[in-house]
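Understanding the architecture of this molecule
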Amino acid sequence: MVNKHLAPLLYHAKENGNDRQIYTFAKLFTQLTFPPDKDHPFETRNDMYRYLQAHKRACLREGVMSAFMGVLIEPLEHASRDETNSKDIEKIELMLTLFINLFKLPSKEDALRGAINFVEAQMLQRELVSAAHRERLLDTILYITQNIKTCESLNLKVLEVWCAIVHGRDPTRLARSEEPVKAGQLLQQKKEEERRARFT
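Residues numbered from 1 in each chain as written. Predicted model: local features only at pLDDT ≥ 70, side-chain atom pairs only at ≥ 80, totals over all residues. Heavy atoms only, no water.

Moving on to the overall build of the chain. Helices and strands together make up the secondary structure of the chain, namely 11 helices and 0 strands. Written out in order from the N terminus, the α and β elements of the chain read α-α-α-α-α-α-α-α-α-α-α. Here the chain holds 200 residues, and 43% of them are scored as buried. Put simply, 71% of the contacts in the chain that link residues at least 6 apart link residues at least 24 apart. Surface accessibility of the chain: about 11,400 Å² in total, with carbon and sulfur atoms responsible for 51%. (Helix = DSSP H or I, 4+ residues; strand = E, 2+ residues; numbered from the N terminus. Buried < 20%, exposed > 50% of the residue type's maximum accessible area, 1.4 Å probe, protein only. Contact = heavy atoms within 4.5 Å. Areas by Shrake-Rupley, 256 points an atom, 1.4 Å probe, with all protein chains shown as cover.)

Here we come to the packing of helix α5 (residues 86–103) against helix α9 (residues 155–166). In the contact formed by α5 and α9, the axes pass within 9 Å of each other and the chain directions differ by 25°. Between α5 and α9, the crossing angle belongs to the class labelled roughly parallel. The element α5 and its partner α9 pack so that their crossing is left-handed. For the pair α5 and α9, contact is made by Glu93, Leu96, Thr97, Phe99, Ile100 and Phe103 and by Lys157, Val158, Glu160, Val161, Ala164 and Ile165, respectively. (Axes fitted to C-alpha atoms, helices over the stretch in contact; angles between N-to-C directions. Parallel < 35°, antiparallel > 145°, perpendicular 65-115°, else oblique. Left-handed = near helix turned anticlockwise from the far one by under 90°.)

The subject of this paragraph is the confidence of the model for the chain. Scored by pLDDT, the chain has a mean of 76; 68% of the residues are at 70 or more. At the low end of the mean pLDDT range in the chain sits helix α11 (residues 183–198), at 56; at the high end sits α5, at 90. (pLDDT = per-residue confidence, 0-100.)

Moving on to unusual backbone geometry. Across the chain, the bulk of peptide bonds are trans and the bulk of non-glycine residues have phi less than zero. In the Ramachandran plot, Arg136 falls in the positive-phi region, its phi being about 65° despite a non-glycine side chain. Relative to the elements of secondary structure, Arg136 occurs in the loop between α7 (118–134) and α8 (137–146). Owing to a relative accessible area of 21%, Arg136 belongs among the partly exposed residues under this scheme.

On to α7. For an α-helix, 3.6 residues make a turn, and residues three or four places apart therefore share a direction. Taking 1.5 Å per residue as the helical rise, α7 with its 17 residues ought to reach 24 Å, and the 24 Å between its terminal C-alpha atoms agrees with that figure. Among the residues making up α7, those that are buried are Phe118, Ala121, Gln122, Leu124, Gln125, Leu128, Val129, Ala131 and Ala132. Looking one or two residues past α7, Arg136 carries a phi angle of roughly 65°, positive in sign. (Expected span 1.5 Å × (residues − 1).)

This brings us to the packing of aromatic side chains. On inspection of all chains with the given rule, the structure shows 2 aromatic pairs. Their ring planes at 75° and their centres at 5.5 Å tell us that Phe29 and Phe68 sit as a pair that is edge-to-face. Of this pair, Phe29 sits in helix α2 (residues 19–32) while Phe68 sits in helix α4 (residues 64–80), and the two are 39 residues apart along the sequence. Across this residue pair, the class does not change: Phe29 and Phe68 are buried. It is Lys91 that lies over the ring of Tyr23; its NZ or CZ is 5.5 Å from the centre. (Phe/Tyr/Trp six-rings, centres within 6.5 Å; stacked < 30°, edge-to-face > 60°. Lys NZ or Arg CZ within 6 Å of the ring centre and 35° of its normal.)

For the structure shown, the criterion picks out 1 cavity of 30 Å³ or more. The space that makes up the largest cavity amounts to roughly 40 Å³. Looking at the largest cavity, the residues that line it are Gln53, Lys56, Leu102, Phe103, Lys104, Leu105, Pro106, Ala121, Leu124, Gln125 and Leu128. Put simply, the parts of the chain that give the lining of the largest cavity at least two residues each are α3 (45–57), α5 and α7. For the lining of the largest cavity, the element with the most residues is α7, which contributes 4 residues. (1 Å grid on protein atoms, 1.4 Å probe; cavity = no way out; pocket = protein on both sides within 12 Å on 5 of 7 lines; lining within 4 Å. Points joined across faces, edges and corners; volume = space filled by probe spheres on them.)

Looking at the secondary structure, you find Thr140 in helix α8. Polar side-chain contacts of Thr140 include one of 2.8 Å to the backbone oxygen of Arg136. (Polar contact = N/O pair within 3.5 Å; in protein donor to acceptor, adjacent residues only side chain to side chain.)

All right, on to the pattern of salt bridges then. Under the definition given, this model contains 4 salt bridges. Between Lys87 and Glu90 there is a salt bridge, with the nearest N and O atoms lying 3.5 Å from each other. Residue Lys87 and its partner Glu90 are both found in helix α5; the two are separated by 3 residues, about one turn of the helix. Residue Lys87 is classed as partly exposed on the basis of its relative accessible area, which comes to 40%. Owing to a relative accessible area of 37%, Glu90 belongs among the partly exposed residues under this scheme. We note a salt bridge from Asp139 to Arg136, for which the minimum N-O separation is 3.9 Å. (Salt bridge = Lys/Arg side-chain N within 4 Å of Asp/Glu carboxyl O.)

This is the structure in structure tokens:
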């Protein structure tokens, strides 16, 4: 359902600049990427993980990560001017929760029991992190980390995102990335990109 319907609809909403629809789709993606609880309807845990991995993989489709970045632009602009409101915090918290869901690896216990191919899960995680990096989402999460005083209630969420990113990865490789972009530049660049996309 996500690959065939939600991802294309999200891309269409982004192309049409429909921020309200994009936010609604972000909520749906967040719910669909939560690990199912112990009362899941699947016959096996393997089926459960395949369902979850399929939803995560849909986020690699064209325009999806970019649309998620767009959700963060307005609340982070407010944060940069110390004008953050409860709606901004709600949006940032939602997107951080989505990134935790996307980047989180399955438990090694399930991998040892053969419920999931852990190497396959690691490869998907790396693809998702790379896609997030291309859309400057990692820079944005770093900005939230550095400016946490503007949204202190998000401390734990930010820590969970970074834990999910570095789990199963070599942190030194993450450190050897491009030269950091200043927060103001980053927000301005993404805003300009969004504006150009809407008028082309």
